[in-house]
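Fold and contact review
One letter stands for each residue in the lines below.
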Amino acid sequence: MTDVTGAPADVLHTLFHSDQGGHEQVVLCQDRASGLKAVIAIHSTALGPALGGTRFYPYATEAEAVADALNLARGMSYKNAMAGLGHGGGKAVIIGHPERDKTEELLLAYGRMVASLGGRYVTACDVGTYVADMDVVARECRWTTGRSPENGGAGDSSVLTAFGVYQGMRASAQHLWGDPSLRGRKVGIAGVGKVGHHLVKHLRDEGAEVVITDVRVDAVQRLLEQYPAGVTAVATTEDLIRVEGLDIYAPCALGGALNDDSVPVLTARVVCGAANNQLAHPGVEKDLADRGILYAPDYVVNAGGVIQVADELHGFDFDRCRAKAAKIFDTTLAIFARAKEDGIPPAAAADRIAEQRMADARAVRAAH
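Residues numbered from 1 in each chain as written. Predicted model: local features only at pLDDT ≥ 70, side-chain atom pairs only at ≥ 80, totals over all residues. Heavy atoms only, no water.

1. Regarding the packing of aromatic side chains
- Counted according to the given criterion, the structure contains three aromatic pairs.
- Note on Tyr-78 and Tyr-299: the rings are 6.0 Å apart at their centroids and 70° apart in plane angle, and the pair reads as edge-to-face. A residue pair is termed long-range when its members are at least 10 positions apart, and Tyr-78 in helix H2 (residues 62-82) and Tyr-299 in helix H11 (residues 298-301) qualify at 221 residues.
- The class for Tyr-299 is buried, based on a relative accessible area of 12%.
- When the ring of Phe-316 is compared with that of Phe-318, the centres are 6.5 Å apart and the planes differ by 70°; the resulting orientation is edge-to-face.
- One cation-aromatic arrangement involves Arg-185 over Trp-177; the distance from NZ or CZ to the ring centre is 3.8 Å. (Phe/Tyr/Trp six-rings, centres within 6.5 Å; stacked < 30°, edge-to-face > 60°. Helix = DSSP H or I, 4+ residues; strand = E, 2+ residues; numbered from the N terminus. Buried < 20%, exposed > 50% of the residue type's maximum accessible area, 1.4 Å probe, protein only. Lys NZ or Arg CZ within 6 Å of the ring centre and 35° of its normal.)

2. What about the sheet that holds strand S7 (residues 209-213)?
- An order of S8-S7-S6-S9-S10-S11 is seen for the six strands of this open sheet, with the pairing classed as parallel. At either margin of the open sheet sits one strand with a lone partner, and together these are strand S8 (231-233) and strand S11 (294-295).
- Sheet topology places strand S6 (residues 186-190) next to strand S9 (residues 248-251); four bridges connect them, and they run parallel. Among the inter-strand pairings, Ile-189 is bridged to a residue of S9, identified as Ala-250.
- Along the sheet, helix H7 (residues 194-206) contacts S6, S7, S8 and S9; its crossing angle with S6, the most-contacted strand, is approximately 170°.
- The strands that helix H8 (residues 217-226) touches are S7 and S8; relative to S8, the one it contacts most, it runs at about 150°. (Pairing = 2+ DSSP bridges. Contact = heavy atoms within 4.5 Å. Axes fitted to C-alpha atoms, helices over the stretch in contact; angles between N-to-C directions.)

3. Section: the pattern of salt bridges
- Considering all chains together, one arrives at 19 salt bridges under this definition.
- Asp-205 serves as the salt-bridge partner of Lys-201, at 2.8 Å between the closest nitrogen and oxygen. Within this pair, Lys-201 and its partner Asp-205 are both found in helix H7, separated by four residues, close to a single helical turn.
- Linked through salt bridges whose partners overlap, the residues forming this network are Arg-55, Asp-68, Lys-91 and Asp-126. (Salt bridge = Lys/Arg side-chain N within 4 Å of Asp/Glu carboxyl O.)

4. Side note on the nonpolar core
- Within the largest apolar cluster, 69 residues are counted, with the highest numbers of intra-cluster contacts made by Tyr-110, Met-169, Ile-189, Leu-199 and Leu-203.
- At seven residues, helix H6 (residues 158-177) tops the list of elements feeding residues into this core.
- Dropping the residues within four chain positions of it, Leu-203 is found in contact with Tyr-166, Met-169, Leu-182, Val-187, Ile-189, Ala-208 and Val-210. (Core = buried A, V, L, I, M, F, W, Y, C linked by side-chain atoms within 4.5 Å.)

5. Notes on helix H14 (residues 328-342)
- Over its 15 residues, H14 runs 21 Å from end to end, which matches the ideal 21 Å to within 8%, given 1.5 Å per residue.
- Restricting attention to buried positions, one finds in H14 the residues Ile-328, Phe-329, Thr-331, Thr-332, Ile-335, Phe-336 and Ala-339. (Expected span 1.5 Å × (residues − 1).)

6. Digging into the sheet that holds strand S1 (residues 25-31)
- The sheet built from five strands is open, its strands ordered S1-S2-S4-S3-S5 with mixed pairing. A strand with exactly one partner marks an edge of an open sheet, and here the two such strands are S1 and strand S5 (121-125). Put simply, the sheet's adjacent strands are angled 25° from each other on average, direction ignored.
- In this structure, strand S3 (residues 50-57) lies alongside strand S4 (residues 88-95), joined through six bridges in parallel fashion. Residue pairing in the sheet places Tyr-57 in a bridge with Ile-95 of S4.
- Contacts from helix H4 (residues 104-115) reach S1, strand S2 (36-44), S3, S4 and S5 within the one sheet, and its direction differs from that of S2 by about 30°.

7. Some details on the pairing of S1
- Pairing between S1 and S2: seven bridges, direction antiparallel. Along S2, the bridge assignment pairs Cys-29 with Ala-38.
- Here S1 folds back onto S2, and the loop between the two strands holds four residues, one of which, Gly-35, carries a positive phi near 85°.

8. Examining the packing of helix H12 (residues 304-312) against helix H13 (residues 318-326)
- Packing of H12 against H13 leaves a shortest axis separation of 9 Å and a crossing angle of 145°. The crossing of H12 and H13 is right-handed. Within the contact between the two elements, H12 uses Ile-307, Gln-308 and Asp-311 and H13 uses Arg-320, Cys-321, Lys-324 and Ala-325.
- Here the residues of the contact of H12 with H13 sort into three nonpolar, one polar and three charged. (Left-handed = near helix turned anticlockwise from the far one by under 90°. Nonpolar A, V, L, I, M, F, W, Y, C, P; charged D, E, K, R; others polar.)

9. Quick notes on the environment of Ala-275
- For Ala-275, the location among the structural elements is in the loop between strand S10 (270-271) and helix H10 (284-290).
- A sequence separation of 85 residues divides Ala-275 from Ala-190, and the C-alpha atoms of the two residues are 9.4 Å apart.
- Once residues within four sequence positions are removed from consideration, Ala-275 is found in contact with Pro-251, Cys-252, Ala-253, Leu-254, Asp-298 and Asn-302.

10. Looking at the pairing of S9
- The alternating pattern of S9 places Ile-248 and Ala-250 and Tyr-249 and Pro-251 on opposite faces, both of which are buried.
- Where S9 meets S10, two bridges bridge the pair, whose relative direction is parallel. Within the sheet, the bridge partner assigned to Tyr-249 lies in S10 and is Val-271.

11. Some points on the environment of Ser-34
- Considering the arrangement of structural elements, one finds Ser-34 in the loop between S1 and S2.
- A residue is classified by how much of its surface remains accessible, and Ser-34, at 16% relative accessible area, is buried.
- Each C-alpha atom of the pair Ser-34 and Asp-101 lies 9.3 Å from the other, and the pair is 67 residues apart in sequence.

Structure, rendered in structure tokens:
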């Protein structure tokens, strides 16, 4: 079934009628000369200009790309609200294979599309886009973050993303065991790329025992050589979640890590990781709670990166950003307290707090 434009009707139904919709604006972008086909989704500007990255991905269909942009933009509204930023949520997706289809001309065309929104959307890096790409986009669009230090940006945001996840782990330990120290705790990390690599360092510096896995053997081997004591590896994520005596499980790779197959066999008491969209479907958060597993909402604890790129707009200061990212500890504790008070899972408590912040901002705007 299609609408009058020929687009699948379910996309418009999602946008206008479902609980996952409510977006302010969705822009379909095309530049035939460069081959650009992109979707920019602005979920909310209640707290300020929408901020979110640009994903470059070979979607199977245009409808899949639109759906991903809608979901990601909505998630950014909640992440930015919980991070205390003066930004709403937005996201862009470029349809194509980043290694084959990405060109300077395409990125410049994309920059012009973002610039045409006049600052309602601020873009940054995401899957398939990098600092060098944002440097190109910024040549056509001043509402671009995640740039290189040479071009007035902050560079790689994985350092503060890992630091924020580490703070979330400390808050989880405080809530569950009455002590924020992770010394002697066994932490399993699935995915030791840029963020996971930094997370291992924080944990080893504090004296935690770390078990790692990654589909890239070289990434695992590099860490085993760097930390000959205190870091061990298992072959797969399926092995990792079953490790005996695991205190904390940190999904730091793909989304959907918490699902009907993984949750029943998790040995960890806490889940706190950097991956986006860890809950495979609604209801998984209740399954975790029913098993007595404490879940630190992903979009809360992995907000260090967006805190960094937001700060770029004001002249980047690493110490200022690190201080903001450190507050993820307090925010996570507040979510656990609200969850206990309301008798709901932490993920639902985080959503309630974020939604209230956005509603309050809209009310203030309406009053003026």
